[in-house]
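# Fold and geometry: a report
For reference, the chains in residue letters:
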Amino acid sequence: MVKIGTGLFALLWVLCAAPLAAQNWNADVSDDGGYAGGFVIYPGLGMGFNCAARSVQNKPLMDTMWFESTVAPPYQFQITFDQNLVPSDRPQRSDIVMFVDQTGYRLPAMEWNELDGEWQVNLSMTDASIRALQTVTRLVLQVGSQAAWDIPVTGLGPALEQARQHCAATWLATGNPAPSGFGSITAAANPPVPQPQPGRFELPMQVQAYANQQCNGPAAIAPDALQAGDLDRDGVPDVVMNWRDVLCPGETLSGFCGAANCSIHVFLSSRGYANPWAMLGTGVGIVPHRSGALALDIGGTFSVCGQGACDTPWIWTGSEFEQVP
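To keep things clear, this report deals only with the structure shown in the data block. Bear in mind the structure is a predicted one, so any value in this text is a computation, not a measurement.

This brings us to the sheet that holds strand β4 (residues 47–54). Read across the open sheet, the seven strands follow the order β2-β3-β4-β5-β10-β9-β6; overall the sheet is antiparallel. The sheet terminates laterally at β2 (26–31) and β6 (92–93), the two strands that pair on one side only. Pairing of β2 with strand β3 (residues 35–41), which is carried by six bridges, proceeds in the antiparallel orientation. Looking at β3, one finds that Asn26 is bridged to Ile41. Where helix α3 (residues 156–173) meets the sheet, it contacts β2, β3, β4 and β5 (76–81), and its direction lies at approximately 170 degrees from that of β3.

This is the structure in structure tokens:
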């Protein structure tokens with residue numbers, strides 16, 4: 001990271017757009033068995049920080065949300081921007097400067113990831129700019145000569161530290177010692193999240209009947225297609241079925257998948273396992289939510305995730321699934 005003097009800061013102060021409506025930065029941390037991830041997000045901003053450490057559970061990535069994800073190396077944050085903040089009018093940019101209070105830091109060359117639909121650049125967690133962000137009082141993003149943005153900072157420092165500790169604990173637990181200058185790691189690696197085990201419950205006849213109807217014949221539902229958990233909080237397991245592992249008569253590959261994404265259906269006991277909630281994705285997991293409920297974590301390609309469907313878990317509200325940070 002290149003440090004820049006304060007000469008431009010007065011100019012930026014004039015150029016900056018007004019701050020966005022007051023909200024907070026928050027850290028969304030999880031471990032789906034593929035990766036332990038920390039996502040620092042501000043709703044609607046188009047800028048984020050994330051880290052990902054290979055989970056101690058070491059599940060195959062094909063079985064998790066991380067099937068096609070690009071992750072930063074150990075002890076680094078990946079910083080992302082959408083094209084509303086940083087125009088995607090070229091494949092690479094080296095003209096992005098973050099002014100943290102009155103010190104400017106030029107970001108390394110970043111590339112536009114067409115699949116994810118965002119700019120991505122990796123920075124060490126020991127970088128001076130990351131340390132400065134943990135106590136920042138004003139943050140300005142200078143986009144070459146095109147724009148300057150006054151970025152909200154409420155909650156940014158604590159959220160970065162929460163994500164940093166979450167990922168670092170897992171890196172340490174999986175044999176990746178912290179680099180010099182990282183500081184103490186106070187968090188513990190999350191124990192394996194108890195996941196409902198396929199095949200350990202009796203499949204409701206309504207689910208099999210629905211699959212048979214869609215297949216116009218007997219559907220072969222592999223155990224790996226199924227997950228169970230009380231998503232609607234009525235005390236009875238609900239069923240999540242990924243059609244990637246469901247074959248109709250005569251098929252060798254699921255006919256309910258495209259090039260990458262497959263149909264996923266959620267059958268709720270409170271609705272008699274009828275009229276399943278449908279989505280597309282490369283994968284889905286049942287994960288604990290900080291509210292105490294179980295939630296759905298969806299993974300997919302840009303066609304699924306480009307509008308934020310994979311950014312925040314989905315919780316059943318009693319009438320539909322909604323994203324709840």
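Attention now moves to the state of the cysteines. Here, disulfide denotes a covalent bond that connects the sulfur atoms of two cysteines. Applying the stated rule across the entire model yields four disulfides. With a sulfur-sulfur separation of 2.0 Å, Cys215 is cross-linked through a disulfide to Cys248. Given an S-S torsion of about -70 degrees, the disulfide between Cys215 and Cys248 has left-handed geometry. Pair noted here: Cys215 is in helix α4 (residues 205–215) and Cys248 is in the loop between β16 (246–247) and β17 (262–267), with a separation of 33 residues, a long-range link. Linked covalently through their sulfurs, Cys305 and Cys310 form a disulfide whose S-S length is 1.9 Å. Where Cys305 bonds to Cys310 through sulfur, the torsion about that S-S bond is close to -65 degrees, and the disulfide is left-handed. We classify Cys305 as buried; its relative accessible area is 18%. Cysteine pairing for the protein chain (bonded cysteines numbered in sequence order): 1-2, 3-4, 5-6, 7-8.

Attention now moves to the sheet that holds strand β18 (residues 277–281). Spatial strand order, β14-β15-β17-β18: four strands in an open sheet with antiparallel pairing. Of all strands in the sheet, those bounded by a partner on one side alone are β14 (226–229) and β18. Between one strand axis and the next, the sheet turns through 20 degrees on average, direction left out of account. Inspection of the sheet shows strand β15 (residues 238–242) paired to β17 by four bridges, in the antiparallel sense. What sits directly across from Val239, in β17, is Phe267.

The subject of this paragraph is the layout of surface pockets. The volume enclosed by the largest pocket comes to roughly 1400 Å³. In this structure, the largest pocket is lined by 50 residues; those nearest its centre are Glu118, Cys305, Gly308, Cys310 and Asp311. If you list the elements that add at least two residues to the lining of the largest pocket, you get β2, β3, β4, β5, β10 (118–124), β20 (294–299) and α5 (302–305). Here the lining of the largest pocket takes four residues from β4, the largest share from any one element. When its residues are assigned to classes, the lining of the largest pocket shows 20 nonpolar, 22 polar and eight charged.

Conventions used here
Residues numbered from 1 in each chain as written. Predicted model: local features only at pLDDT ≥ 70, side-chain atom pairs only at ≥ 80, totals over all residues. Heavy atoms only, no water. Pairing = 2+ DSSP bridges. Helix = DSSP H or I, 4+ residues; strand = E, 2+ residues; numbered from the N terminus. Contact = heavy atoms within 4.5 Å. Axes fitted to C-alpha atoms, helices over the stretch in contact; angles between N-to-C directions. Disulfide = S-S within 2.5 Å. Buried < 20%, exposed > 50% of the residue type's maximum accessible area, 1.4 Å probe, protein only. 1 Å grid on protein atoms, 1.4 Å probe; cavity = no way out; pocket = protein on both sides within 12 Å on 5 of 7 lines; lining within 4 Å. Points joined across faces, edges and corners; volume = space filled by probe spheres on them. Nonpolar A, V, L, I, M, F, W, Y, C, P; charged D, E, K, R; others polar.

This is a description of form; function is not addressed.
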